[in-house]
Amino acid sequence: MHTTAQRVGASSTTTSISPLLHALHPMMAPVPFTAASQKPAAAGRVAARGLSSASTSAHCVSPTVPATSASSCSNSAPLPRRALRTAFGAAALSRGVACRSAATAAAQSPAAGADVEYEAVIGIECHVQLLTRTKAFCGCASEFGSEPNSNVCPVCLGHPGTLPVLNAEMVTLAVRAGLALGADIAPVSKFDRKQYFYPDLPKGYQISQYDEPICSGGRLEVEVDGVMKSFGIIRAHLEEDAGKIVYAGADRLSGADYSLVDYNRAGVPLLEIVSAPDMRSGRDAAAYGEELRRVLRTCGVTDGNMAEGSMRVDVNVSVMPRGSAVFGTRVEIKNMNSFSNMQKAIDFEIERQVSLLRAGRGSEIVMETRLWDEIKLVTNTMRKKEGLADYRYFPEPDLPPLTVSPDFIANVKASMPELPAAKRARYAGLGLTRGDIAVLCDETATSDFFDAVLGLGAPVRQAANWIQGDIMAYCKESKCGMDGLAITPAALVDMIKLIEDGTISGKIAKDVLPELLQGKGNQGVRAYIESRGMLQISDTGAVEAMIQAVLDANPKQLAEYRGGKTKLQGFFEGQVMKESKGRINPGLMKDILLKKLKGE
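In this text the structure is predicted, and so the values were computed from the model without any measurement.

Let us now look at the overall build of the protein chain. A tally of helices and strands in the protein chain yields 18 helices and 17 strands. Across the protein chain, every contact between residues at least 6 apart in sequence was considered, and the portion connecting residues at least 24 apart equals 73%. Accessible surface for the protein chain amounts to roughly 27700 Å². Of this, 55% is attributable to carbon and sulfur atoms.

See below:
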């Protein structure tokens, strides 16, 4: 839903806009852009990064100083806004110089060589598309797959005279994500204009959050190959997405004849989550990304569909001598559409940088953006970075500061679902193995279905086996999720109970399960199986008659069995099963068969 805003004039005040918004303070008015005004602004933007809690983000971490912990960032006292602006300018310049000096030092350092042991430093910027029905600042639909340029309006296209109106639902989802990650929710944050020019940015700037994000701090506990690790979260801020450039004549930029722009995605709400540079391998990064997506999907913040671009990751990688206090030159990697590809890209980039350092060619490691080529399994240069980009941030004049009340945060917290870590602990208490838990907790739809089945009285072990075995195999073959199945939890419980009381065998259950998964037994599993003539044969007389018929048809094998070849028992069991078309009670059949084979 969208709130209704009134524009703030130079000498006017604002009326109440929404529970989440309040009036724009006069000091937030933009400063006219002139060459003279940019000198103090440039100096101002730098110190703030060293002073604000956002100073250690993965995309702006100083390569010469290790990042501080997330907790220290979140606990620092907030600075006045002007002080933050002043500080942000000095930091940008110092970081640009530091990056170049770090690369030079790495190339010239006598420590660089084949005998040095290196370690990687990895941080991740994750752009998450929020699950709202409409865009961030207008009423256009926020959906994937529409006709190009069909979900657009004058607001998201940046036409003169239009005004943005904040989508309140994106604030709710951002707070929910922050609480799930243990972040501090800012009572007051603000939106800024990030200015750059590119064909997919219709307004010539992006509405984002710069020095006052809605969430700061936090941690994500992740199990990596059986070892629990803790990765810091520096910040999470709201912003709008850009459009999408489509290359015609080729499937990528290289070789394309011309480019087209689809603005359907322009203005779609995003939450950018910036990790601390705490990861040290591609596996660490992949496990972090998988758990982050799991948490956000559980909370309903995003669908996390990487193939559709609703979750995009940019990775920053550098290497340094193990134990060093000086970070190496950071390289950004893009174009990874799966966590498997992300791991491969990081591992390749680490190896590339280490090889250059050991060969005495550290100066060739420069600040740049590289693209992952999933066909050749290499990273390639996309563009060089001479220094930190100056986006000339200033407060968004058409949006007042965003206020989130304690009551609002408490209401969101009360609606939070059980998080994956708590769910895994609960499943472990049920006696499930770590392998079972990993499979059942990987998708929210799977764990929800499992919990519903348990709630109706199904045994834990049997329910887990059927869900992660035959049912998941059916989902994979049918290319649907657990929530796309027509079967009800009650129908699965009925099927398991019919197996336990001997009404049907496991073989019959496997044969009829595909039909049950299509919802054909939802009105009564026993009645449906009976209508198919598939109830288990448990009548002693009928079983004895079938067994005797098999023995009479195979006198040679019967003589060999009684002569000592007892392994032929399996042959007779198979023949009886074939005779009964899999419907015979296996336990009863084995007891009677064994007696008859012995001539009793």
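Once you've had a look at it, read on.
Here we take up the pairing of strand 4 (residues 192-195). Residues Asp192 and Lys194 point to one face of strand 4 and Arg193 and Gln195 to the other, with burial holding for every one of them. Looking at chain direction, strand 4 and strand 16 (residues 394-395) are connected through 2 bridges and run antiparallel. Counterpart to Asp192 in the pairing with strand 16 is Pro395.

Quick look at the nonpolar core now. Counting 71 residues, the largest nonpolar core has Val171, Leu238 and Ile273 as the members making the most contacts within it. It is helix 6 (residues 339-358) that provides the largest number of residues to this core, a total of 8 residues. Counting residues in each nonpolar core, the second largest holds 38 residues, with Trp466, Tyr474, Ile487 and Ile504 among its members.

Bringing the pattern of salt bridges into the picture now. Tallied over the entire structure, the rule returns 33 salt bridges. Measuring nitrogen to oxygen at the nearest pair gives 2.9 Å for the salt bridge that ties Asp284 to Lys229. Residue Asp284 is found in helix 5 (residues 282-298), and its partner Lys229 is found in strand 8 (residues 227-240); the two are separated by 55 residues along the sequence. Accessibility expressed as a relative area gives 3% for Asp284, which makes it buried.

Taken as a whole and assessed by the stated rule, the structure comprises 7 aromatic pairs. Plain terms: the ring middles of Tyr196 and Tyr391 are 5.9 Å apart, the flat faces sit at 65 degrees to each other, and that makes the pair edge-to-face. In this pair, Tyr196 sits in the loop between strand 4 and strand 5 (205-208) while Tyr391 sits in the loop between strand 15 (378-384) and strand 16, placing the two residues 195 residues apart along the sequence. Using a relative accessible area of 28% as the deciding quantity, one classes Tyr391 as partly exposed. Ring plane angle 75 degrees and centroid distance 6.1 Å describe the contact between Tyr391 and Tyr393, whose orientation is recorded as edge-to-face. Accessibility expressed as a relative area gives 17% for Tyr393, which makes it buried. Among the aromatic residues, those joined into a cluster by ring pairs are Tyr196, Tyr210, Tyr391 and Tyr393.

Mean pLDDT for the protein chain: 81, with 79% of residues reaching 70 or above. Note that residues 1-112 has pLDDT below 50 and, in this model, 220 contacts with residues that lie over four places away or in other chains.

Read from one edge of the open sheet, 3 strands run 5-4-16, paired in antiparallel fashion. In this open sheet, the two strands that pair with only one neighbour each are strand 5 and strand 16.

Turning to the side chain of Ser580, a few remarks are in order. Tracing the backbone through its elements, the reader meets Ser580 in helix 17 (residues 569-580). Residue Ser580 is classed as buried on the basis of its relative accessible area of 4%. Setting aside residues up to four positions removed in sequence, Ser580 forms contacts with Ile537 and Met546.

Our focus in this paragraph is the packing of helix 11 (residues 460-478) against helix 12 (residues 489-500). Contact pair helix 11 / helix 12: the axes reach a minimum separation of 11 Å and the direction vectors enclose 115 degrees. For the element pair helix 11 / helix 12, the angle class is roughly perpendicular. Relative to helix 12, helix 11 is oriented so that their crossing is right-handed. Packed against helix 11, whose contacting residues are Gln462, Ala463, Trp466, Ile467 and Ile471, the element helix 12 presents Leu492, Met495, Ile496, Ile499 and Glu500 at the interface. Here the residues of the contact of helix 11 with helix 12 sort into 8 nonpolar, 1 polar and 1 charged.

Looking now at the environment of Met367. Here Met367 lies in the loop between helix 6 and strand 14 (368-373). Remark: the alpha-carbon pair of Met367 and Lys384, spanning 17 residues in sequence, is separated by 6.4 Å.

Here we come to the pairing of strand 13 (residues 331-334). Side chains of strand 13 alternate between two faces, with Val331 and Ile333 and Glu332 and Lys334 buried alike. Relative to strand 13, strand 12 (residues 311-321) runs antiparallel, the two being bridged by 3 bridges. Each residue of the ladder has a partner; that of Asn316, found in strand 13, is Glu332.

Because the α-helix completes a turn every 3.6 residues, residues three or four places apart line up on one side. Where helix 9 (residues 434-442) is concerned, the buried positions are Asp436, Ile437, Leu440 and Cys441. Burial along helix 9 is one-sided: seen end-on, the buried residues are contained in an arc of 110 degrees. Its buried side turned inward, helix 9 meets helix 5, helix 8 (420-429), helix 10 (444-455) and helix 11.

Turning our attention to a nonpolar patch on the surface. Where nonpolar side chains cluster on the molecular surface, the patch consists of Val246, Tyr258 and Leu260 and spans about 290 Å² of accessible area. Topologically, Val246 is positioned in strand 9 (residues 244-248). The class for Val246 is partly exposed, based on a relative accessible area of 36%.

On to helix 4 (residues 168-180). Taking 1.5 Å as the rise per residue, helix 4 with 13 residues should run 18 Å; its terminal C-alpha atoms sit 19 Å apart, in good agreement. Burial of helix 4 is extensive: 11 of the 13 residues sit out of reach of the surface. Buried within helix 4 we find Ala168, Met170, Val171, Thr172, Leu173, Ala174, Val175, Arg176, Ala177, Gly178 and Ala180. A distance of 3.0 Å separates the backbone nitrogen of Glu169 from a side-chain oxygen at the start of helix 4, and that oxygen is part of Asn167. In the segment just after helix 4, Gly182 is the residue with positive phi, at about 70 degrees.

This part covers the side chain of Thr134. Mapped onto the elements of the fold, Thr134 is located in the loop between strand 1 (118-129) and helix 4. For Thr134, a relative accessible area of 17% gives the class buried. Side-chain polar atoms of Thr134 contact the side chain of Asn167, separated by 3.2 Å.

For the rest of this paragraph, the subject is unusual backbone geometry. The phi torsion at Asp225 lies on the positive side, around 50 degrees, for a residue other than glycine. Here Asp225 shows up in the loop between strand 7 (219-224) and strand 8. With a phi close to 60 degrees, Leu377 is a non-glycine residue in the positive phi region. Relative to the assigned elements, Leu377 resides in the loop between strand 14 and strand 15.

Parameters at a glance
Residues numbered from 1 in each chain as written. Predicted model: local features only at pLDDT ≥ 70, side-chain atom pairs only at ≥ 80, totals over all residues. Heavy atoms only, no water. Helix = DSSP H or I, 4+ residues; strand = E, 2+ residues; numbered from the N terminus. Contact = heavy atoms within 4.5 Å. Areas by Shrake-Rupley, 256 points an atom, 1.4 Å probe, with all protein chains shown as cover. Buried < 20%, exposed > 50% of the residue type's maximum accessible area, 1.4 Å probe, protein only. Pairing = 2+ DSSP bridges. Core = buried A, V, L, I, M, F, W, Y, C linked by side-chain atoms within 4.5 Å. Salt bridge = Lys/Arg side-chain N within 4 Å of Asp/Glu carboxyl O. Phe/Tyr/Trp six-rings, centres within 6.5 Å; stacked < 30°, edge-to-face > 60°. pLDDT = per-residue confidence, 0-100. Axes fitted to C-alpha atoms, helices over the stretch in contact; angles between N-to-C directions. Parallel < 35°, antiparallel > 145°, perpendicular 65-115°, else oblique. Left-handed = near helix turned anticlockwise from the far one by under 90°. Nonpolar A, V, L, I, M, F, W, Y, C, P; charged D, E, K, R; others polar. Arc of directions from axis to C-beta. Patch = residues over 30% accessible without salt bridge, like charges linked within 9 Å, V, L, I, M, F, W, Y side chains within 5 Å. Expected span 1.5 Å × (residues − 1). Polar contact = N/O pair within 3.5 Å; in protein donor to acceptor, adjacent residues only side chain to side chain.

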